[in-house]
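Residues per chain, in single letters:
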Amino acid sequence: MATQLGEAKSSTELVVSWEALPADFHLEDEPVENTGQPLLAGALRESLEISGFIQPQMLIASNFGLCATINGQFIAKAPDWVYVRSVNQVLGERKSYTPNLDGDIPAIVMEFLSDTEGGEYSFKRTYPPGKWFFYEQILQVPIYIIFDPNGGLLEFYQLENRRYELKQPDENGRHWIDSMGLFLGTWQGTKEARTGYWLRWWDEAGNLLLWAVEQIEQERQRAEQERQQKERLIAYLQSQGIDPNNFP
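Residues numbered from 1 in each chain as written. Predicted model: local features only at pLDDT ≥ 70, side-chain atom pairs only at ≥ 80, totals over all residues. Heavy atoms only, no water.

**Looking at the overall build of the protein**
Then comes step 1: Along the backbone of the protein there are 4 helices and 13 strands.
Then comes step 2: Its C-alpha radius of gyration of 23 Å places the protein more than 25% over the 18 Å reference for a compact globule of 248 residues.
Then comes step 3: Each principal axis of the C-alpha atoms in the protein carries an extent, and together these give about 90 × 40 × 35 Å.
Then comes step 4: Burial statistics for the protein: of 248 residues in total, 40% are counted as buried.
Then comes step 5: For the protein, the share of sequence-separated contacts (at least 6 apart) that also reach a separation of at least 24 residues comes to 57%.
Then comes step 6: On the protein, roughly 14,000 Å² of surface is accessible, and the fraction owed to carbon and sulfur atoms is 48%.
Then comes step 7: Side chains of the protein give 21 positive and 36 negative charges; the mean places of these two sets differ by 1 Å. (Helix = DSSP H or I, 4+ residues; strand = E, 2+ residues; numbered from the N terminus. Rg over C-alpha atoms; globule rule 2.2 N^0.38 Å. Buried < 20%, exposed > 50% of the residue type's maximum accessible area, 1.4 Å probe, protein only. Contact = heavy atoms within 4.5 Å. Areas by Shrake-Rupley, 256 points an atom, 1.4 Å probe, with all protein chains shown as cover. Lys, Arg positive; Asp, Glu negative; His and termini not counted. Charge placed at Lys NZ, Arg CZ, Asp CG, Glu CD.)

Pasting the structure below:
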C-alpha cells in the first residue's frame, strides 16, 4: 500500500543540512484537529513516565517541530508524537529539534489519522515535501507509525534499505521496539471520557504499562482484598473462641 509510494520514486540526490530553527521562522500554528489527539499522545507519555522509563536525556514530544534544510530551503514538520533517545543538551523547553545538530535522529515518529487527510502517506519531493518523504528520505527515522484512532488500525513501518516496509504484529497483536525495549500495540477502553482505541506499551514480559488511574484502581483493589482477608481472619478467630484483640 503506502510502501509502494516510496519504491516508485526517483532517487535524485538531495542536499540536506542540519540547521537550527531560524529566529524569524513561524511554525505552523494550526488548531488540533480533534480533542482525541492530545489525549492519545499524553497517554503514551504518561505510562512511560510512571514506569520510570523516561530519562533526562530523552526527548518525547507531540506536535513538535522537527527541522532540516533541503536544497537550501528550511523545512519543519510536526508529528503527533516523537521519541528521541538522546539529545546533546537537556533543556527545560524547546521550540524545535534539529537531528544531528541537537542530538540523535528520532527513533520513532507517529501520526494519528483524522477525518481530514493530513499528508501522512505523502511522498511529495518538491517543497514543501510530504510527511512520508520527510521521515523516510530526509530524517531516515527508523520507525514510522500511522494510527487510526477510530478504526484501531496500527500501521508499523520500519526503515530497511532506506525504504519503509510494513511490518506485521506478533501473535498478541503487538510490535517489539528494540530501541525502547518495549512492545507497542492497540488497546480498547476508556480514559478521560474518551472511549475507543488507544496505543499502549507492554514490557518485555508482556506486562501492560499502567496509567495513573489504573495504578490507583489497582492499589484500591489490593487494599480491599487485604481488608476482606483481615475480616475473614477475625471472624475465624472469633469462631474458635479467640479474642482477636489479644491474639499474640
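**Here's the deal with the pairing of strand β11 (residues 174-177)**
Then comes step 1: Here β11 pairs with strand β12 (residues 182-191) via 4 bridges, running antiparallel. Along β12, the bridge assignment pairs W176 with F183.
Then comes step 2: Taken together, β11 and the strand that follows it, β12, pair antiparallel across an intervening segment of 4 residues, in which G181 is found at a positive phi of about 70 degrees. (Pairing = 2+ DSSP bridges.)

**A short note on unusual backbone geometry**
Leaving glycine aside, a negative phi is the common case for residues, and trans is the common case for peptide bonds.
Then comes step 1: In this structure, the amide linkage connecting Y127 to the following residue, P128, adopts the cis form with an omega of -10 degrees.
Then comes step 2: With respect to the helices, strands and loops of the structure, P128 is situated in the loop between β7 (108-112) and α3 (131-139).
Then comes step 3: Despite not being glycine, E192 shows a phi value in the positive range, around 50 degrees.
Then comes step 4: Examined against the element boundaries, E192 turns out to sit in the loop between β12 and β13 (194-202).
Then comes step 5: The exposure class of E192 is exposed, given its relative accessible area of 52%.

**So, the sheet that holds β7**
Then comes step 1: Strands sit in the order β2-β5-β7-β8-β9-β10 across an open sheet of 6 strands; the sheet is mixed. This sheet does not close on itself; its edge strands, each paired only once, are β2 (59-61) and β10 (163-167). Strand after strand, the sheet turns through a mean of 15 degrees between neighbouring axes, direction not considered.
Then comes step 2: Across 3 bridges, strand β5 (residues 81-84) lies against β7 in antiparallel orientation. Looking across to β7, one finds that Y83 is bridged to I108.
Then comes step 3: Strand contacts of helix α2 (residues 36-50): β2, β5, β7 and β8 (143-147), with the helix running at about 145 degrees to β7, the strand carrying the most contacts.
Then comes step 4: The sheet contacts of α3 involve β7, β8, β9 (154-160) and β10, and relative to β10 the element is tilted by about 105 degrees. (Axes fitted to C-alpha atoms, helices over the stretch in contact; angles between N-to-C directions.)

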